[in-house]
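A closer look at the structure
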Amino acid sequence: ERLSAREDALVAASPQAILQRGYALITDRATGQRIKSVDQAAAGRDISLQFHDGSAAARLTAAPTDPAAEPENTKDNPND
């Protein structure tokens, strides 16, 4: 029973399981380095987005924004 619980926890924490929950892994296409911070998100940078079922290429077209300047998310926000 303990072994089964540990196995379930290990599976849930796997990178593939995390991607299946809607997250994506972002890497710089030129270097293969993971992009972990908005500070690394320069306009014009070519990136790769890894999803649970495949990948896509993209180019960042805008400089990062200050999260403090973004509108606060509320239930009334139609973009939610």
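Please refer to the structure higher up on the page.
Here's what I pulled together on the structure shown here. Note that this is a predicted model, so its numbers are computed, not measured.

Below, the discussion takes up the sheet that holds strand β2 (residues 46–51). The strand order β1-β2-β3 describes an open sheet built from three strands, whose pairing is antiparallel. Each edge of the open sheet is held by one strand with a lone partner, namely β1 (25–28) and β3 (54–59). Neighbour-to-neighbour, the strand axes of this sheet turn through a mean angle of 25 degrees, independent of strand direction. Both β1 and β2 contribute to a ladder of four bridges, which runs antiparallel. The residue of β2 that forms the bridge with Ile26 is Leu49.

What follows covers the pattern of salt bridges. Between side chains of opposite charge, a pair can form when the charged atoms approach closely. One pass over the structure, following the stated rule, counts two salt bridges. The partner of Asp28 in a salt bridge is Arg45, and the shortest N-O contact between them spans 2.4 Å. Of this pair, Asp28 sits in strand β1 while Arg45 sits in the loop between β1 and β2, placing them 17 residues apart in sequence.

Cut-offs applied
- Residues numbered from 1 in each chain as written.
- Predicted model: local features only at pLDDT ≥ 70, side-chain atom pairs only at ≥ 80, totals over all residues.
- Heavy atoms only, no water.
- Pairing = 2+ DSSP bridges.
- Helix = DSSP H or I, 4+ residues; strand = E, 2+ residues; numbered from the N terminus.
- Axes fitted to C-alpha atoms, helices over the stretch in contact; angles between N-to-C directions.
- Salt bridge = Lys/Arg side-chain N within 4 Å of Asp/Glu carboxyl O.

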